[in-house]
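Fold and geometry: a report
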Amino acid sequence: MSMRDPYTRPATADDTTASADVIPDEPARVPSPYARPAATDQPADRNEPADRNEPEYSPHVEPVIRIDHRPDHDGTDPADAAKYRRPGTSVAVERRGNRRSRAERGELVIVSSGRGGGGKSTTALGLADKAAKAELSCIVVDANRGQPDVRIYMAIPRTAPVPTIYDAHATQDVTAAFMFPGDYATYRSAQGLNTPDFGLVLGPRSAQQADQKYSSPRVYGDVIDHARTLADVVIVDTQMMEQEPSDLWRHLFIPLLRADAWLVAVTDDSPPGRSNLEERLRALREDGVESGRTMVLASHYAAYTDRDEAQLNQIYSGLGSVIGHTDYDEKYRQMTHDGHLDSSNPAVSPALNAILSRVTGRIDLFTEPDHSRNGLLGRIRRGKGRT
């Protein structure tokens, strides 16, 4: 299924991509499961996030970028893609409601690591691309407030007037943060890049917007919760797990992992990378996160061997399952840095298939072709060798 824009509206001759001036009526608010409890007489912890129960005001210097995806309420079926879709937006729309029930929410995958530079963002985008190519709807949420790199890997210019997570706070409307293929296709096509078929929620565009008062656990939580009503799979790219968890980890990601989220824990082949991740996963276990939904991904290995796999299985025993590895491929690395997405690349495809097969249960969609019986390697394994 294509990742449609669920907030379609009639296109007009003077339709524009974004509007910072027109903000739609605020929808009815519902209590957020990520809101902090009411203040008490207890001394405030200065490490705690700002109290979301108090009124908040947006910085005057930060513009609100609003892409209005919502349908005009004229009684017309919004699934009529031919009439109700802006140019460039995917038109493959299933004729069902835009929203899923809570019982039908999409799977949630949180991607993190024990150190920076381990390949979190490329893994998150690779999973989204793989899911989209299997015709599952997918949304990527960039929850790395300090270093939101999804925009860079998606080749969306920093000056582009596109929404971010901050817009959900500024408008008090979660839909304001979402982009869909038709919203960012122009930026990619201008650079000769194909447009993948998944939605995006970009991280804050400035340090000011990244402040926990604006990009808070509640805002991210409400956006993620809404994304799960729209997509089969929601991929969250996070900051690395630190010894002292951030407010997003304490008040959002850990509770989600205790509930039903999956964790893809990325490690590279360095001793610090493996050791840091082990410590962080042990801390998660102490916080009540079970190991059954934790998958350890060995990332960017130059030469992954059976010894490496045995060592990782030993290190992470009881903390999660080693789901696979990705190979270091300089050409693939450069392509991802240039904005290309190629989840079918042999360096990453088997691991991405293994993760999505586990998450979705759709082995039929994510079974890696068996090439072991073809070519020289297959002949050697069958004892035939060279001819």
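Structure first, text after, so check above.
Summary of the structure given here. Values in this document were obtained by computation on a predicted structure and should not be read as measured data.

Glancing now at the overall build of the protein chain. When helices and strands are tallied, the protein chain shows 11 helices and 7 strands. As displayed, the protein chain has an accessible area near 18,300 Å², and 49% of this comes from carbon and sulfur atoms.

Neighbouring strands of a sheet are bound in pairs by backbone hydrogen bonds; such pairs are parallel or else antiparallel. Pairing in this open sheet of 7 strands is parallel, and the strands run β3-β2-β4-β1-β5-β6-β7 from one edge to the other. Looking at which strands have only one partner, the edges of the open sheet turn out to be β3 (199-201) and β7 (321-327). Strand-to-strand twist across the sheet, computed as the mean angle between neighbouring axes with direction ignored, equals 20°. As defined by bridge partners, strand β2 (residues 138-143) adjoins β3 across 3 bridges and the pair is classed as parallel. Residue pairing for β3: Val 140 is matched across the bridge by Leu 200.

The first and last C-alpha atoms of helix α1 (residues 120-133) sit 20 Å apart over 14 residues, in line with the 20 Å expected at 1.5 Å per residue. With 13 of 14 residues buried, α1 is to be regarded as a mostly interior element. Note on α1: the residue one or two positions beyond its end, Glu 135, has a positive phi of about 65°.

The N-cap residue of helix α9 (residues 330-337) is Asp 329: its side-chain oxygen and the backbone nitrogen of Lys 331 are 3.0 Å apart. Once α9 finishes, Gly 339 follows within two positions and takes phi at roughly 100°, a positive value.

On to the pattern of salt bridges, then. The tally for this structure, following the rule as stated, stands at 12 salt bridges. Of the charged contacts in the structure, one is a salt bridge between Arg 362 and Asp 364, with a shortest N-O distance of 2.7 Å. Among the residues examined, Asp 364 registers a relative accessible area of 56% and is labelled exposed.

Before going further, it helps to examine the packing of α1 against helix α10 (residues 349-360). The description of two helices packed together rests on the angle between their axes and the distance between the axes. Interaxial distance between α1 and α10 falls to 10 Å at its minimum, and their mutual angle equals 70°. Compared by their axis directions, α1 and α10 come out roughly perpendicular. When α1 is examined against α10, the residues Thr 123, Gly 126, Leu 127, Lys 130 and Ala 131 are found in contact with a partner set consisting of Ser 349, Leu 352, Asn 353, Ile 355 and Leu 356. Here the residues of the contact of α1 with α10 are counted per class, giving 5 nonpolar, 4 polar and 1 charged.

Time to look at unusual backbone geometry. Of note, Glu 135 is a non-glycine position whose phi angle comes to about 65°, a positive value. With respect to the helices, strands and loops of the structure, Glu 135 is situated in the loop between α1 and β2. Given the relative accessible area of 56%, Glu 135 is considered exposed. Positive phi is not limited to glycine here, since His 300 has a value of about 60°.

For any pair of aromatic rings, geometry is given as the distance between the ring centres together with the angle between the planes. Across all of its chains, the model carries 4 aromatic pairs by this definition. With centroids separated by 6.2 Å and ring planes inclined at 10°, the aromatic side chains of Phe 178 and Phe 180 adopt a geometry described as stacked. For the pair Phe 178 and Phe 180, one class covers both residues: buried. The interplanar angle of 70° and the centroid separation of 5.1 Å between the aromatic rings of Trp 249 and Phe 253 together place this pair among those described as edge-to-face. One end of the pair is Trp 249 and the other is Phe 253, both in helix α6 (residues 247-259) and 4 residues apart, which spans about a single turn.

Of all 7 residues in strand β1 (residues 107-113), 6 are buried; the element is thus mostly enclosed. Examined bridge by bridge, β1 and strand β4 (residues 233-238) share 5 bridges and lie parallel to one another. By the bridge assignment for β4, Leu 108 is matched with Val 234. By the bridge criterion, 5 bridges tie β1 to strand β5 (residues 262-267) in an arrangement that is parallel.

With 6 of 6 residues buried, β2 is to be regarded as a mostly interior element. Residues of β2 alternate between two faces, with Cys 138, Val 140 and Asp 142 on one and Ile 139, Val 141 and Ala 143 on the opposite face, all of them buried. Bridge count for β2 against β4 is 6 bridges, and the pairing is parallel. Each bridged residue has a counterpart across the sheet, and for Asp 142 the counterpart in β4 is Asp 237.

The next subject is the nonpolar core. Counting 44 residues, the largest nonpolar core has Ile 110, Ile 139, Val 236, Trp 249, Phe 253, Leu 281 and Leu 284 as the members making the most contacts within it. Looking at this core, the element that brings in the most residues is α6, giving 7 residues. Grouped together as the second largest cluster of nonpolar side chains are 41 residues, Val 140, Tyr 153, Leu 297 and Val 348 included.

Cut-off values and rules
Residues numbered from 1 in each chain as written. Predicted model: local features only at pLDDT ≥ 70, side-chain atom pairs only at ≥ 80, totals over all residues. Heavy atoms only, no water. Helix = DSSP H or I, 4+ residues; strand = E, 2+ residues; numbered from the N terminus. Areas by Shrake-Rupley, 256 points an atom, 1.4 Å probe, with all protein chains shown as cover. Pairing = 2+ DSSP bridges. Axes fitted to C-alpha atoms, helices over the stretch in contact; angles between N-to-C directions. Expected span 1.5 Å × (residues − 1). Buried < 20%, exposed > 50% of the residue type's maximum accessible area, 1.4 Å probe, protein only. Polar contact = N/O pair within 3.5 Å; in protein donor to acceptor, adjacent residues only side chain to side chain. Salt bridge = Lys/Arg side-chain N within 4 Å of Asp/Glu carboxyl O. Parallel < 35°, antiparallel > 145°, perpendicular 65-115°, else oblique. Contact = heavy atoms within 4.5 Å. Nonpolar A, V, L, I, M, F, W, Y, C, P; charged D, E, K, R; others polar. Phe/Tyr/Trp six-rings, centres within 6.5 Å; stacked < 30°, edge-to-face > 60°. Core = buried A, V, L, I, M, F, W, Y, C linked by side-chain atoms within 4.5 Å.

Spatial relationships are all this shows, so hold off on functional conclusions.
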